[in-house]
Amino acid sequence: QVQLVESGGGMVQAGESARLSCVASGRPLSDYAMAWFRQRPEETREYVAMINWRGAYTNYARSVKGRFTISRTNANNTLTLQMNNLKPEDTAVYYCAASTKMVATIPEAYESWGQGTQVTVSS
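Definitions and limits used
Residues numbered from 1 in each chain as written. Predicted model: local features only at pLDDT ≥ 70, side-chain atom pairs only at ≥ 80, totals over all residues. Heavy atoms only, no water. Core = buried A, V, L, I, M, F, W, Y, C linked by side-chain atoms within 4.5 Å. Buried < 20%, exposed > 50% of the residue type's maximum accessible area, 1.4 Å probe, protein only. Helix = DSSP H or I, 4+ residues; strand = E, 2+ residues; numbered from the N terminus. Contact = heavy atoms within 4.5 Å. Salt bridge = Lys/Arg side-chain N within 4 Å of Asp/Glu carboxyl O. Pairing = 2+ DSSP bridges. Axes fitted to C-alpha atoms, helices over the stretch in contact; angles between N-to-C directions.

Enquirer: What am I meant to see in the nonpolar core here?
Expert: Among the nonpolar cores identified, the biggest contains 37 residues, and Met34, Trp36, Leu81, Met83 and Tyr94 are the most heavily contacted of them. Those elements that provide at least two residues to this core are β3 (18-25), β4 (33-39), β5 (46-51), β7 (68-73), β8 (78-83), β9 (92-99) and β11 (117-122). Ignoring sequence-local partners within four residues, the contact set of Met34 consists of Leu4, Cys22, Leu29, Ala49, Met50, Ile51, Ile70, Arg72, Leu79, Ala97, Ala98 and Tyr110.

Enquirer: I'm lost on the pattern of salt bridges in this one. Help?
Expert: Close approach of charged atoms allows side chains of opposite charge to pair. Applying the stated rule across the entire model yields 6 salt bridges. The salt bridge involving Asp90 is made with Arg38; its shortest N-O contact spans 3.0 Å. You can see Asp90 sitting in the loop between β8 and β9 and its partner Arg38 sitting in strand β4, a full 52 residues away along the chain. Assigned by exposure class, Asp90 and Arg38 land together as buried. Measuring nitrogen to oxygen at the nearest pair gives 2.7 Å for the salt bridge that ties Asp90 to Arg67. Placement of the pair is Asp90 in the loop between β8 and β9 and Arg67 in the loop between β6 (58-60) and β7, with a sequence separation of 23 residues. Taken together, the salt bridges that share partners define one network made up of Arg38, Arg40, Glu43, Glu46, Arg67 and Asp90.

Enquirer: Is there a simple way to explain the sheet that holds strand β1 (residues 3-7) in this structure?
Expert: Strands belonging to one sheet form pairs held by backbone hydrogen bonds; the direction of such a pair is parallel or antiparallel. Pairing within the open sheet is antiparallel, and its 4 strands lie in the order β1-β3-β8-β7. With partners counted over all chains shown, the strands left at the sheet margins are β1 and β7, one partner each. Strand-to-strand twist across the sheet, computed as the mean angle between neighbouring axes with direction ignored, equals 15°. For β3 and β8, the ladder comprises 6 bridges, and the chain directions are antiparallel.

Enquirer: Can you help me understand the side chain of Ser112 in this one?
Expert: Secondary-structure assignment places Ser112 in strand β10 (residues 112-113). Classification of Ser112 as buried rests on a relative accessible area of 11%. Beyond its immediate stretch of four places on either side in the chain, Ser112 contacts Val2, Leu4, Cys96, Ala97 and Ala98.

Remember that the coordinates give geometry; whether it matters functionally is a separate question.
Take a look at the structure:
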């Protein structure tokens with residue numbers, strides 16, 4: 001029932017930062033644990049980060065830990081992903097995902113998905 005729309009993607013230089021947003025509508029963001037995934041052409045969807053309903057718990061993939069920060073502002077129905085020190089390997093389509101039931105690192109756990117936003121990191 002919830003609709004998710006990502007934004008903030010674009011082309012950046014390696015070492016620079018970007019900030020992605022995911023805005024929920026139809027249902028309040030506070031109903032959902034949230035996650036970010038990313039996917040490259042011809043590759044499987046890769047877990048990036050997750051956050052529980054109120055943001056007290058977060059978790060990151062090994063590849064982004066220390067560089068990315070997931071956060072949420074439930075009052076604005078907005079999930080964010082702050083990406084610092086971007087690397088060419090971070091180039092992908094980034095998706096936000098929502099679950100009423102759990103936080104998890106597998107995409108099958110999530111009920112609703114956005115359409116994705118492309119992030120391209122050049123060297």
